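# Remarks on the overall topology
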Amino acid sequence: MTQDSPSAKKLSADFPTIDRADEEQLLPQLVSHLREHRTRLRQDWAGRIDGAHLLQAMTPQEMAAETTSVYDNYVEVLETGSVEALQHYARDLSERIIPRGVETHEVVGIVLLLRDVLARSLFEKYQGDFAYLNRVLDAYEPAANRIANTVAVSFVEERERVIRQQQDAIRELSTPVLPVRERLLILPIIGVLDSERARQLTEQLLIAIRTHRAQVVVVDITGAPDVDETVANHLVRTVDASRLMGASVIITGVSPEIAQTLVTIGVDLNKMNTIGDLQGGLEAAERMLGYTVTRSEEKGG
Amino acid sequence: MDAGPALFSILRQGDYLIASIHTALDDSQMLRLQQDLIDQVGRHRARGVIIDVAPLDVIDSFATATLRNLAEMTRLRGARTVIVGIQPDVAYAMVELGMNTATIETALDLEEGLRHLNRPRSPDPSRPHSVGLFG
Amino acid sequence: MDAARHLLECDVCARLSGPLLKRGKTEDDEVRIRVKGDPDIVEARKRARQLAAHSDFSRTDATLLATAVSEIARNIVRFAGDGWILMTLLEEPRKGVRIVARDNGPGIADVELAVADDFSTSNGLGLGLPGARRLMDEFSLTSEVGQGTTVTMTKWRSEG
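Residues numbered from 1 in each chain as written. Chains lettered and ligands numbered in written order. Predicted model: local features only at pLDDT ≥ 70, side-chain atom pairs only at ≥ 80, totals over all residues. Heavy atoms only, no water.

### With respect to the interface of chain B and chain C
Across the boundary between the two partners, chain B contributes 23 residues, which contact 25 residues of chain C. Summed over both partners, the interface of chain B with chain C buries about 2,000 Å², with 53% contributed by carbon and sulfur atoms. The largest share of the area that chain B buries against chain C comes from B:Val58, B:Asp89 and B:Leu97, three residues that together contribute 26% of it. If you look at where chain B meets chain C, you find six salt bridges. C:Arg74 is the salt-bridge partner of B:Asp60, the closest N and O atoms lying 2.8 Å from each other. For the pair chain B and chain C, the number of links is ten residue pairs in polar contact (both at pLDDT 80 or more). Of all elements in the fold, only helix H1 (27-44), helix H2 (61-76) and helix H3 (88-97) of chain B reach the threshold of two or more residues within the side of chain B that touches chain C. Ranked by the residues each element gives to the side of chain B that touches chain C, the list is headed by H3(B), at seven residues. For the side of chain B that touches chain C, a count of residues per class yields twelve nonpolar, four polar and seven charged. (Contact = heavy atoms within 4.5 Å. Buried area = accessible area lost by both parts, 1.4 Å probe. Salt bridge = Lys/Arg side-chain N within 4 Å of Asp/Glu carboxyl O. Polar contact = N/O pair within 3.5 Å; in protein donor to acceptor, adjacent residues only side chain to side chain. Helix = DSSP H or I, 4+ residues; strand = E, 2+ residues; numbered from the N terminus. Nonpolar A, V, L, I, M, F, W, Y, C, P; charged D, E, K, R; others polar.)

Structure representation (structure tokens):
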């Protein structure tokens, strides 16, 4: 279908940039060529994937199914120019193959191989007319690059999303908030607290207050070596936020040094429940909840 | 008159008023809630008010100030107000924002709110939850 | 796979594909809303939360962002009457959301005072700017009396 007049040939030699009108004629031609030779090209591609030892986690049947879908979607996107459809497909694909342990470089690799296979096929078809071939490749390559880009980015984003989900699940299982009695939670703080960890602990505590309908929370800081102003501020905020959810907070393990830090940042210790040791704090908590505190033979309360 | 579903509802339960917010409210709607509640406290001589703010996904400085003023105004009319249903992420944001919430009485949910109202009032309004230990 | 890296990082390749892609960014990356009245404040919160969800923000971070946006939006409505807020998803250096709020209102004479944490007036009025600043990771404000005010603030997604 090359009917280039001499003047058109001259045009493309002088102006190697993409001409939008050309582009719009070329892509449909390109697309029908790729559809016509679908079976052969798809097989070529599958062969090259094997040769590059990609997608080894898949069975031959899975490979056949996925390469067929990817091929068809690829050509569809070339035809419609719809990136949304491509992103949707890329996310779907990612969701399917991530659990099978497919890596990012494999996904990018197979899309680049497909781009190659199709580019070569275009080369074979149009090699009789280099000027026309150039125009076809000029139309094809950026589109193909964009597809590869979109698929790769979608895959990476999907992987990140899955990893974060897994991390959240792990964190939920390993929350340090302990429901010890009905309506009573203990949060032992052990180790150095940085802002990030303090924020996470507060989040987990507030969620636990809702989940367990806690009325009293004992935050034990005996195991936290350094309570500087930043950490003290976090503590105060944790107390205030817990209060907004209807829970009272007792802070235990407050050494004289820590008490001093709290005073320095402007905390009125008379307004904050602080108690020397955890045991004392637990007893105070139980009294607040209306439990009678007994210890061996003695009666408490 | 709004044709759409109600933004909030106020029900009487004995001496108490129970206000349920149904959706995110804008500033003027919050003020309307405040006005309606104060009117009804006066009209029905309510002794307690529970405001369920669970559907509010953001409680910012204006909302907090409105709720705090509401509590103060109902107190002047002889009623205690308890805010219930503040979500964990919202509580966190309110505190990060730096709002003074010490005078607002709170409870986890409606049930706890009623329990809270039925308890004898703690003497120190800035320590609404101090029972037994320091107050 | 150097080619793979190239595709992900090459702006030239991305730009060359103009005919395929109508816009440089997808619709989801940026939101611009006009702020004139109370309902717009609620709308701004909602859009901020949606944008944060696109960047996989935790619920808490999304609420912090939405709350900060609420404060800024209210400032526009109360003091300028009219303005707009642009919310952009960031990818570099890490994921986050940038908010730019602009109005052509009276401007702020004493910027330092306006953004200072002053707890003696923590009764709701005028807390918008210092409050938003506390909630966000980055915050800057420029203003000219008689011209208007621009607030630029950014929240990064928390890691881990």
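So that's the structure; there's more coming.
### Points about the confidence of the model for chain B
Residue and element names in this part refer to chain B. Confidence in the prediction for chain B averages 88 pLDDT; 86% of positions are at 70 or higher. A low-confidence stretch, residues 123-135 (pLDDT under 50), is modelled with 33 contacts involving residues beyond four sequence positions or located in other chains. This complex was scored by the predictor with a pTM of 0.71 and an ipTM of 0.88. (pLDDT = per-residue confidence, 0-100.)

### Some words on empty space enclosed by the protein
All names here are of chain A. For the coordinates displayed, the defined rule picks out six cavities of 30 Å³ or more. Looking at the largest cavity, its volume works out to about 100 Å³. Along the wall of the largest cavity there are 14 residues; nearest its centre are Ile189, Thr202, His234, Leu235 and Thr238. Within the residue set of the lining of the largest cavity, elements represented by two or more residues are helix H8 (195-212), helix H9 (229-244) and strand E4 (248-252). Ranked by the residues each element gives to the lining of the largest cavity, the list is headed by H9, at five residues. Residues of the lining of the largest cavity, tallied by class, amount to eleven nonpolar, three polar and no charged. (1 Å grid on protein atoms, 1.4 Å probe; cavity = no way out; pocket = protein on both sides within 12 Å on 5 of 7 lines; lining within 4 Å. Points joined across faces, edges and corners; volume = space filled by probe spheres on them.)

### What to know about the domain arrangement of chain A
For chain A, the assigned domains are domain 1 (6-171) and domain 2 (178-289). The distance between the C-alpha centroids of domain 1 of chain A and domain 2 of chain A comes to 55 Å. (Domains from an automatic or database assignment.)

### Things to note about the side chain of C:Asp38
Following the sequence through the fold, C:Asp38 ends up in helix H3 (residues 38-54). Of note is the side chain of C:Asp38, whose polar atom sits 3.0 Å from the backbone nitrogen of B:Ser28. Not counting residues within four places of it along the chain, the set of residues in contact with C:Asp38 comprises B:Asp26, B:Asp27, B:Ser28, C:Val77 and C:Arg78.

### Concerning the nonpolar core
Counting residues in hydrophobic clusters, the biggest one holds 102 residues, and the most contacted among them are A:Ile209, A:Ile221, B:Ile51, C:Ile85 and C:Met153. Tallying contributions element by element places helix H4 (residues 59-80) of chain C first for this core, with nine residues. What A:Ile221 contacts, discounting residues up to four positions off in sequence, is A:Ile189, A:Val227, A:Leu235, A:Ile251, A:Thr252, A:Gly253, A:Val254 and A:Ile258. A:Val75, A:Ala119, A:Tyr140 and A:Val151 belong to the second largest nonpolar core, which has 50 residues in total. (Core = buried A, V, L, I, M, F, W, Y, C linked by side-chain atoms within 4.5 Å. Buried < 20%, exposed > 50% of the residue type's maximum accessible area, 1.4 Å probe, protein only.)

### Concerning the sheet that holds strand E3 (residues 216-220) of chain A
Either a parallel or an antiparallel arrangement is found when strands of a sheet pair, and the pairing is made through backbone hydrogen bonds. Residue and element names in this part refer to chain A. Across the sheet, five strands lie side by side as E1-E2-E3-E4-E5; this open sheet has mixed pairing. Among the strands making up the open sheet, the edge pair consists of strand E1 (178-181) and strand E5 (273-275). For this sheet, the mean inter-axis angle between neighbouring strands, taken without regard to orientation, is 25°. The sheet contact formed by E3 and E4 spans five bridges and is parallel. Paired with Val217 across the bridge in E4 is Val249. (Pairing = 2+ DSSP bridges. Axes fitted to C-alpha atoms, helices over the stretch in contact; angles between N-to-C directions.)

### Here we look at the packing of H1(B) against H2(B)
Residues and elements named next belong to chain B. Here H1 crosses H2 at 10°, and the two axes come no closer than 10 Å. As far as their axial angle goes, H2 and H1 are roughly parallel. Counted together, Asp27, Met30, Leu31, Gln34, Leu37, Ile38 and Val41 of H1 and Phe62, Ala63, Thr66, Leu67, Asn69, Leu70, Met73 and Thr74 of H2 form the full contact between these two elements. (Parallel < 35°, antiparallel > 145°, perpendicular 65-115°, else oblique.)

### Considerations on the pairing of E4(A)
Residue and element names in this part refer to chain A. Counting buried positions along E4 gives five out of five residues, so the element sits mostly inside the fold. Taken together, E3, H9 and E4 constitute a β-α-β crossover, and its handedness is right-handed. Where E4 lies against E5, three bridges are found, and the strand directions are parallel. Each bridged residue has a counterpart across the sheet, and for Ile251 the counterpart in E5 is Thr274. Read from E4 through helix H10 (residues 256-264) to E5, the crossover connection turns out right-handed. (Right-handed = clockwise from strand over helix to strand, strands pointing away.)

### Side note on the packing of aromatic side chains
All told, the structure shown has one aromatic pair over all chains when counted by the stated rule. Lying over the aromatic face of C:Trp84, C:Arg32 brings its terminal NZ or CZ to 4.2 Å of the ring centre. When the ring centre of B:Phe62 is taken as origin, the NZ or CZ atom of C:Arg78, which lies over that ring, is 5.6 Å away. (Phe/Tyr/Trp six-rings, centres within 6.5 Å; stacked < 30°, edge-to-face > 60°. Lys NZ or Arg CZ within 6 Å of the ring centre and 35° of its normal.)

### With respect to the pattern of salt bridges
Throughout the structure, instances matching the rule amount to 31 salt bridges over all chains. In this structure, B:Asp27 engages C:Arg74 in a salt bridge whose closest nitrogen and oxygen atoms are separated by 2.6 Å. Taken together, the residues B:Asp27 in helix H1 and C:Arg74 in helix H4 connect one chain to another. For B:Arg75, the salt bridge is made with B:Glu72, and the minimal N-O distance between the two is 3.1 Å. Remark: B:Glu72 and B:Arg75 occur in helix H2; sequence separation between them is three residues, near one turn of the helix. Given the relative accessible area of 44%, B:Arg75 is considered partly exposed. It is possible to trace a salt-bridge network through shared partners that takes in B:Asp27, B:Asp60, C:Asp38, C:Arg45, C:Glu71, C:Arg74 and C:Arg78.

### Details of the confidence of the model for chain A
Residue and element names in this part refer to chain A. For chain A, per-residue confidence averages 81 on the pLDDT scale, and residues scoring 70 or more make up 87% of the total. When mean pLDDT is compared element by element in chain A, E3 scores highest at 94, while helix H1 (residues 6-14) scores lowest at 41. Low confidence marks residues 1-18, where pLDDT is under 50. Its contacts with residues over four positions away, or in another chain, come to 16 contacts. Residue range residues 296-301 is modelled with pLDDT below 50. Its contacts to residues more than four positions away, or to other chains, number six contacts.

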